[in-house]
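# Architecture at a glance
The chain contents come next:
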Amino acid sequence: MKLQILNKEGNKIKEKETELFEEPIRIDIISKVIEAEKFKHPYSNKYLAGMNRSASGNVRHKRHSWKSDRGRGLARIPKKAFWRRGTQFSWEGAIVPSTRGGRRAHPPKGYPNIKKINKKELNKALLSSLSYISNSKELEKKYSSIDKVNIKLPLIIEDNILNLKTKEFFSNLKKVLGNLYEVAIKEKSIRSGVGKRRGRKYKENAGMLFVVSSKENKEFNGLDFVKANELRVSDLASGGARLTLFSEKAIEELESILKNKKNKMEKKK
């Protein structure tokens, strides 16, 4: 497949032959890998939340015994003792889900995901996601505000755009992206409704992903940067085909990484 390399003005300067974007799109494999790459559930509770108190086992449940909860009309749940004066004791239910400040019943789990994907399938998913983001129809599905993608995908740009200062960089990026520039920059806004009182006050759009080589270091506000050797399927295809821009060196590095992986697998056979 021949790819066009653009300069900072958005004009084609040369072409490059590559096999990176030729893999058939397999949504099933992409979805499987994205699920496996989730580190933890976003609404999981803290470790030992509601359980970091000494309550369970502190109250006796023996009949006809001093310091027991029998005959007092108390529920038989773990209780925390607040004071011990004379023969009367003040207890309050704790730990169990039905009590104030107790743990949640069956909460989303917060520990790391343990799903494993074999190497061949992982490589296939990465190549498939590269083809996925280079499909203009899939990109239009994700960004409903775009009527039609007017530029040829995938977008590969010469490396010297990263040497520009912020103002120049964004003015040149506008020329490269055309009508896609509207969705390329991240925008943060206050969420409407009660969600803002539940730990998610702000909402933010995905914006554009800029894939650079491991030797290139640059950051601009409003864009996500990821190095080619750290690129994951979920960076590209989580929630639909993401608008992605590649540097020329990033494409070369991705080719060498995938080629090395392929050679290792062939040697093992």
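For the structure given in this document, a descriptive report is provided here. (Residues numbered from 1 in each chain as written. Predicted model: local features only at pLDDT ≥ 70, side-chain atom pairs only at ≥ 80, totals over all residues. Heavy atoms only, no water.)

## Considering the packing of aromatic side chains
So the rule is basically this: Pairing of aromatic rings covers Phe, Tyr and the six-membered ring of Trp, with a centre-to-centre limit of 6.5 Å; geometry is then stacked below 30 degrees between planes, edge-to-face above 60, and tilted otherwise. Helix and strand labels come from DSSP, where a helix needs a run of H or I of at least four residues and a strand needs a run of E of at least two; each type is numbered from the N terminus. The rule is simple: take the accessible area with a 1.4 Å probe, protein chains only, and divide by the maximum for that residue type; under 20% is buried, over 50% is exposed, in between is partly exposed.
With the rule as written, the count across this model stands at seven aromatic pairs. An angle of 75° between the planes, with centres 5.9 Å apart, marks the rings of Phe 170 and Phe 220 as edge-to-face. Residue Phe 170 is located in helix H4 (residues 166-177), and its partner Phe 220 is located in the loop between strand S8 (209-212) and strand S9 (224-227); the two are separated by 50 residues in the primary sequence. Like Phe 220, Phe 170 is buried. Their ring planes at 15° and their centres at 5.2 Å tell us that Phe 210 and Phe 225 sit as a pair that is stacked. Of this pair, Phe 210 sits in strand S8 while Phe 225 sits in strand S9, placing them 15 residues apart in sequence. With a relative accessible area of 0%, Phe 210 lands in the buried category.

## Here we look at the sheet that holds S9
For the record, the criterion: Strands pair, by our definition, only if DSSP identifies at least two bridges between them. Every axis corresponds to a line fitted to the C-alpha atoms, with the helix fit spanning only the stretch in contact, and the corresponding angles, defined between N-to-C directions, vary from 0 to 180 degrees. Whether two residues are in contact is decided by their heavy atoms, any of which lying within 4.5 Å being enough.
With mixed pairing, the six strands of this open sheet are ordered in space as S2-S1-S5-S10-S8-S9. Each having just a single partner strand, strand S2 (12-17) and S9 make up the two edges of the open sheet. Between one strand axis and the next, the sheet turns by 30° as a mean value, whatever way the strands run. Bridge analysis of S8 against S9 gives four bridges, and the strand direction is parallel. Along S9, the bridge assignment pairs Val 212 with Lys 227. Sheet contacts for helix H7 (residues 248-268): strand S1 (2-6), S2, strand S5 (155-157), S8 and strand S10 (244-247); angle to S10, the most-contacted strand, approximately 85°.

## Regarding the pattern of salt bridges
Applied cut-off: By salt bridge we mean one thing: a side-chain nitrogen of Lys or Arg within 4 Å of a carboxyl oxygen of Asp or Glu.
Going through the model one piece at a time under the given rule, you end up with 14 salt bridges. In this structure, Glu 248 engages Lys 14 in a salt bridge whose closest nitrogen and oxygen atoms are separated by 2.7 Å. Taken together, the residues span a long stretch of sequence, with Glu 248 in helix H7 and Lys 14 in strand S2 at a distance of 234 residues. Judged by its relative accessible area of 13%, Glu 248 falls in the buried class. Classification of Lys 14 as partly exposed rests on a relative accessible area of 39%. One network of salt bridges, with partners in common, ties together Lys 2, Lys 12 and Glu 15.

## Regarding the packing of helix H2 (residues 119-133) against H7
The angle between the axes and the distance between the axes are what describe a pair of packed helices. So the rule is basically this: Put simply, angles under 35 degrees are roughly parallel, angles over 145 are roughly antiparallel, angles from 65 to 115 are roughly perpendicular, and the rest are oblique. Handedness of a crossing follows from how the near helix is turned relative to the far one, being left-handed for an anticlockwise turn of less than a right angle and right-handed for a clockwise one. In this count, Pro and Cys sit with the nonpolar residues alongside Ala, Val, Leu, Ile, Met, Phe, Trp and Tyr, while Asp, Glu, Lys and Arg are called charged and the others, Gly among them, polar.
Here H2 crosses H7 at 155°, and the two axes come no closer than 11 Å. Classified by the angle their axes make, H2 and H7 are roughly antiparallel. The two elements H2 and H7 meet at a crossing, and its hand is left-handed. In this structure, H2 uses Lys 119, Lys 120, Asn 123, Leu 126 and Leu 127 to contact H7, whose residues at the interface are Leu 258, Lys 261, Met 265 and Lys 268. Residue classes in the contact of H2 with H7 are distributed as four nonpolar, one polar and four charged.

## Topic: the nonpolar core
Selection rule: Residues belong to one nonpolar core when they are buried, are Ala, Val, Leu, Ile, Met, Phe, Trp, Tyr or Cys, and are joined through side-chain atoms within 4.5 Å.
Ranked by internal contacts, the top residues of the largest apolar core, which has 57 residues, are Phe 169, Leu 173, Met 208, Phe 210, Leu 243 and Phe 246. Here this core gets six residues from one element, more than from any other, and that element is H2. What Phe 169 contacts, discounting residues up to four positions off in sequence, is Ile 161, Leu 164, Phe 210, Phe 220 and Leu 223.

## As for unusual backbone geometry
Residues Leu 153 and Pro 154 are joined by a peptide bond in cis, for which omega reads 0°. Relative to the elements of secondary structure, Pro 154 occurs in the loop between helix H3 (136-142) and S5. The backbone of His 64 sits at a positive phi, close to 55°, despite the residue not being glycine. Take His 64: it is sitting in the loop between helix H1 (27-37) and strand S3 (79-85). Exposure remark for His 64: the relative accessible area of 83% places this residue in the exposed category. Within the chain, His 106 stands out as a residue other than glycine whose phi angle is a positive 50°. Secondary-structure assignment places His 106 in the loop between strand S4 (88-93) and H2.

## Observations regarding the packing of H1 against H2
Where H1 meets H2, the closest approach of the two axes is 9 Å, and the angle between their N-to-C directions is 115°. One element, H1, and the other, H2, form an angle in the roughly perpendicular class. In this structure, H1 crosses over H2, and the sense of that crossing is left-handed. Contacts between H1 and H2 involve Ile 27, Ile 29, Ile 30, Lys 32, Val 33 and Glu 37 on the former and, on the latter, Glu 121, Leu 122, Lys 124, Ala 125, Ser 128, Ser 129 and Tyr 132. The class makeup of the residues in the contact of H1 with H2 is seven nonpolar, two polar and four charged.

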